[in-house]
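Chain residues, written in single-letter form:
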Amino acid sequence: MSFHVSHVFFCLISEAKAIAKSTNSIHRLNMSARKLIVISDTHLGTTEGDSEELLCFIDSLSPDQTELLFLGDLFHIWAGPEKYRTAIVRHFMEKLFEFRDNGGIAHLIAGNRDAFLPEKQGDKLNDLYPFHRIALNVLELSLEGGKLIAVHGDTINSKDKQYLRWRALIRSRPFRWSFNLIPAKRVKKILLMLEENLKKTNMAFRSEFPEEEWQVFLDNIRSIHNPKLLIAGHYHPQKAKVYQLGNMTSLIIPAWCENRTVLEIEQDMTYSFKATS
């Protein structure tokens, strides 16, 4: 292995560890006086009609009274730039643009199935994506009742080094640059192949929830940011897992793709789960 390749590989591993153990790259937002609806792990495109089902729920909301937060893994597999978008992705994005045009606000946190999302925010982002903010790691929201921290959750288990290396690799600029040279039709197939191969590895890290690593993560979040509410997805629990550490409540919320529920958070930080169908 050449020095250059070794150096890049070392940087990727270091980046993965840093993301897993800290809260770098935080996007901070002051929420408007709206209800926050959190939708986690939709994996749209997994089953026939799932995208339309979720859009029917979104259509039932009052855009000017609602703020949506997609907690990652929006599609089964997704490369963000427009040239890679499938018909399902394009249609869903068009409907979210309509939601935004009618006064709605939506945010996205990148999950492990969301690739090549923009690192920079601004007017260009708003032209290409229907989201007010896209957070690659951590999103911080200020509500009337206090501070909320939201993460996808895929970096919590810092012992799963193979996954963290893969995550750092696909988010690296050299990887993104190389994919730009590949015809768009082949990109999705390659991403699906990579994801399928990854799914067959490290089963020991997937068979049960990493309680020890989660407690370390909670301690870090509380000591650095001390939010009133912390929310994460990724692990697809059948029922929400609720933890209390001092004045901080932490939730790992169920995946929409499996139980069709969302998390509703009021401005005073009270919360409840609601079925969408």
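The structure under discussion appears in the preceding block.
Residues numbered from 1 in each chain as written. Predicted model: local features only at pLDDT ≥ 70, side-chain atom pairs only at ≥ 80, totals over all residues. Heavy atoms only, no water.

S.K.: Looking at this structure, how should I read helix α8 (residues 211-224)?
M.R.: With 14 residues, α8 should cover 20 Å at 1.5 Å per step; its first-to-last C-alpha distance of 20 Å lies within 8% of that length. Taken together, the buried positions of α8 are occupied by E213, W214, F217, L218 and I221. Down the axis of α8, the sector holding all buried residues measures 140°, keeping them to one side. Exposed and oriented more than 90 degrees from the buried face of α8 are E212 and S223. Of the residues flanking the end of α8, it is N226, one or two places downstream, whose phi is positive at about 50°. (Helix = DSSP H or I, 4+ residues; strand = E, 2+ residues; numbered from the N terminus. Expected span 1.5 Å × (residues − 1). Buried < 20%, exposed > 50% of the residue type's maximum accessible area, 1.4 Å probe, protein only. Arc of directions from axis to C-beta.)

S.K.: Please clarify how a nonpolar patch on the surface should be interpreted in this entry.
M.R.: There is a patch of nonpolar side chains on the surface, built from V242, Y271 and F273 and spanning about 250 Å² of accessible area. Its location among the elements puts Y271 in strand β14 (residues 271-275). (Patch = residues over 30% accessible without salt bridge, like charges linked within 9 Å, V, L, I, M, F, W, Y side chains within 5 Å. Areas by Shrake-Rupley, 256 points an atom, 1.4 Å probe, with all protein chains shown as cover. Salt bridge = Lys/Arg side-chain N within 4 Å of Asp/Glu carboxyl O.)

S.K.: I would appreciate a short explanation of the packing of helix α2 (residues 50-59) against helix α3 (residues 87-101) in the present structure.
M.R.: Packed helices, taken two at a time, are described by the angle between their axes plus the distance between the axes. Where α2 meets α3, the closest approach of the two axes is 11 Å, and the angle between their N-to-C directions is 0°. With respect to α3, the axis of α2 lies roughly parallel. Of the residues in α3, those in contact with S51, E52, L54, L55, I58 and D59 of α2 are I88, H91, F92, K95, L96 and F99. Partitioned by chemical class, the residues of the contact of α2 with α3 number 7 nonpolar, 2 polar and 3 charged. (Axes fitted to C-alpha atoms, helices over the stretch in contact; angles between N-to-C directions. Parallel < 35°, antiparallel > 145°, perpendicular 65-115°, else oblique. Contact = heavy atoms within 4.5 Å. Nonpolar A, V, L, I, M, F, W, Y, C, P; charged D, E, K, R; others polar.)

S.K.: Mind showing me how you'd approach the nonpolar core here?
M.R.: Nonpolar side chains tend toward joint burial in soluble globular proteins. With 28 residues, the main nonpolar core has L68, F70, L74, W78, F92 and F131 as its most contacted residues. Of all the secondary-structure elements, those providing two or more residues to this core are β2 (35-39), α2, β3 (66-70), α3 and β5 (105-109). In terms of nonpolar packing, the next biggest core, distinct from the first, is built from 18 residues, V38, L141, L229 and M269 among them. (Core = buried A, V, L, I, M, F, W, Y, C linked by side-chain atoms within 4.5 Å.)

S.K.: Hey, could you run me through the pairing of β2 in this one?
M.R.: Walk down a regular strand and you will see the side chains alternate between the two sheet faces. When you tally the buried positions in β2, you get 4 out of 5 residues, the bulk of the element. Pairing between β2 and β3: 5 bridges, direction parallel. Within β3, the residue paired with I39 across the bridge is F70. Once you follow β2 into α2 and on to β3, the crossover reads as right-handed. Bridge count between β2 and strand β13 (residues 261-265): 3 bridges; the pairing is antiparallel. (Pairing = 2+ DSSP bridges. Right-handed = clockwise from strand over helix to strand, strands pointing away.)

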